[in-house]
Amino acid sequence: MTDSTGAPTTGPAGDGLILGSAPDSWGVWFPDDDRQLPWDRFLDELAATGYEWLELGPYGYLPTDPLRLADEVGRRGLRVSGGTAFGNLHDPRAREDTVAVVRAVAELTAAVGARHLVLIPPMFRDEKTGAHTESPVLDADQWARLTATADELGRMLLGEYGVRLCLHPHADTHILTQPDIERFLDATDPDLVSLCLDTGHVAYGGGDAVDLVHRYSERVGYVHIKQMDPAILRRVHAEGLSFGEAVELGVCVEPPAGEPAPAAVIEALRGVDARLFVIVEQDLYPCEPDVPAPIAERTRRYLGSCGLGARRQGRP
């Protein structure tokens, strides 16, 4: 059985955390890029390394026909935890495009039985070149528009698709630091908008993921578990490097290296009164094709040693 979030209602006693992974952990950032793994190899390796749940990643990377996607995922013994969309909430000129993208992702997400849409704000630096494309600071009017639009999208997603909006703070976006995250949460409707807590991006912005879990537990609706190398982070901030440059330097690291400590995050999440998907992410773009799978399997085993997930739990 599953609950209204699409998560299983059965599992290890007292365990409300469901482990999964995402294309990001296989070096996938874009719908189509010749430096990325073919999508069928990603699915094959995801299943082979012991994961059962996956987030869809950039729209268009995996098949967008619901029947084909359901077949490709299902015949590998996989299930979908949520969809991923990139959308601008603060610029009215981007509203039409953002709504169209969110609707397309929500329709596909709901069609394959998932109930979460992870929304990532636009980056103000180009992912490949690092060039600034927008001011890194929003004014009060832009912030007001951002939070109001988030509530509107959240209402639309729940009402029309049964999918919950989970805002994902991200490096090189306007929602990254802990004050940014708290400002967003305090200004949005908890009935309409949740937080996708990405532990690595919180660390990237100098925040404390465990503190956020404790103080905003009712807003945490979905989790990306990720670690950042503190030495590389210091260099990134000192030299003003972009997130793309930071990733190429290896800022995202395999647990248990890096910050925050996965065990501390998992312990804090156990106190959240909800069943949560905890999706492994380790930004690897670009990487050699044979790199991701061994890391993914070691990560699953390590997180299992911390009490998160198990290989092929019985089907709920």
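Residues numbered from 1 in each chain as written. Predicted model: local features only at pLDDT ≥ 70, side-chain atom pairs only at ≥ 80, totals over all residues. Heavy atoms only, no water.

## Points about the packing of aromatic side chains
Stage number 1. Tallied over the entire structure, the rule returns 9 aromatic pairs.
Stage number 2. With a centroid separation of 6.2 Å and an interplanar angle of 55°, the aromatic rings of phenylalanine 42 and tyrosine 61 are classed as tilted. Placement of phenylalanine 42 in helix α1 (residues 39-48) and of tyrosine 61 in the loop between β2 (53-55) and α2 (66-74) is noted, with a sequence separation of 19 residues between them. Tyrosine 61 carries the same exposure label as phenylalanine 42, and that label is buried.
Stage number 3. Judged by centre distance (5.4 Å) and plane angle (80°), the rings of tyrosine 204 and phenylalanine 243 are edge-to-face. Linking tyrosine 204 in helix α6 (residues 199-204) with phenylalanine 243 in helix α9 (residues 243-249), this pair joins segments that are 39 residues apart in sequence. (Phe/Tyr/Trp six-rings, centres within 6.5 Å; stacked < 30°, edge-to-face > 60°. Helix = DSSP H or I, 4+ residues; strand = E, 2+ residues; numbered from the N terminus. Buried < 20%, exposed > 50% of the residue type's maximum accessible area, 1.4 Å probe, protein only.)

## Considerations on the confidence of the model for the protein chain
Stage number 1. Chain-level statistics for the protein chain give a pLDDT mean of 92 and a share of 93% at 70 or above.
Stage number 2. Between residues 8-14, whose pLDDT stays under 50, and residues either more than four places distant or in other chains, the model counts 15 contacts.
Stage number 3. With pLDDT under 50 throughout, residues 311-316 is counted as low confidence; its partners more than four residues away or in other chains account for 21 contacts. (pLDDT = per-residue confidence, 0-100. Contact = heavy atoms within 4.5 Å.)

## Re the state of the cysteines
Stage number 1. Applying the stated criterion across every chain, the model contains 0 disulfides.
Stage number 2. Cysteine 196 takes part in no disulfide bond, and the closest cysteine sulfur, belonging to cysteine 166, lies 6.4 Å away.
Stage number 3. Exposure remark for cysteine 196: the relative accessible area of 0% places this residue in the buried category.
Stage number 4. With no disulfide of its own, cysteine 306 has cysteine 252 as its nearest cysteine by sulfur position, at a separation of 18 Å. (Disulfide = S-S within 2.5 Å.)

## As for the pattern of salt bridges
Stage number 1. Enumeration over the complete set of coordinates arrives at 19 salt bridges.
Stage number 2. Residues glutamate 281 and lysine 226 are paired through a salt bridge, measuring 3.3 Å at the closest nitrogen-oxygen approach. Of the two residues, glutamate 281 is situated in the loop between β10 (276-280) and α11 (292-305) and lysine 226 in the loop between β7 (220-225) and β8 (227-228); the sequence distance between them amounts to 55 residues.
Stage number 3. The class for glutamate 281 is buried, based on a relative accessible area of 9%.
Stage number 4. Given the relative accessible area of 1%, lysine 226 is considered buried.
Stage number 5. Its salt-bridge partner being arginine 235, residue glutamate 239 comes within 3.1 Å of it at the nearest N-O pair. Taken together, the residues glutamate 239 and arginine 235, both in helix α8 (residues 230-239) and 4 residues apart, mark about one turn of the helix. (Salt bridge = Lys/Arg side-chain N within 4 Å of Asp/Glu carboxyl O.)

## Brief notes about the sheet that holds strand β3 (residues 79-86)
Stage number 1. Taken in spatial order, the 8 strands close into a barrel running β1-β2-β3-β4-β5-β6-β7-β10, and their pairing is parallel. Strand-to-strand twist in this sheet, taken as the mean axis angle between neighbours without regard to direction, amounts to 30°.
Stage number 2. This element, helix α10 (residues 262-269), spans β1 (17-21), β7 and β10 of the sheet and lies at about 165° to β7. (Pairing = 2+ DSSP bridges. Axes fitted to C-alpha atoms, helices over the stretch in contact; angles between N-to-C directions.)

## Digging into the pairing of β7
Stage number 1. With 6 of 6 residues buried, β7 lies mostly within the body of the structure.
Stage number 2. Pairing of strand β6 (residues 193-198) with β7 involves 4 bridges; the strand directions are parallel. Directly across from leucine 195, in β7, lies its bridge partner valine 220.
Stage number 3. Pairing of β7 with β10 involves 3 bridges; the strand directions are parallel. Bridging from a neighbouring strand, histidine 224 pairs with isoleucine 279 of β10.

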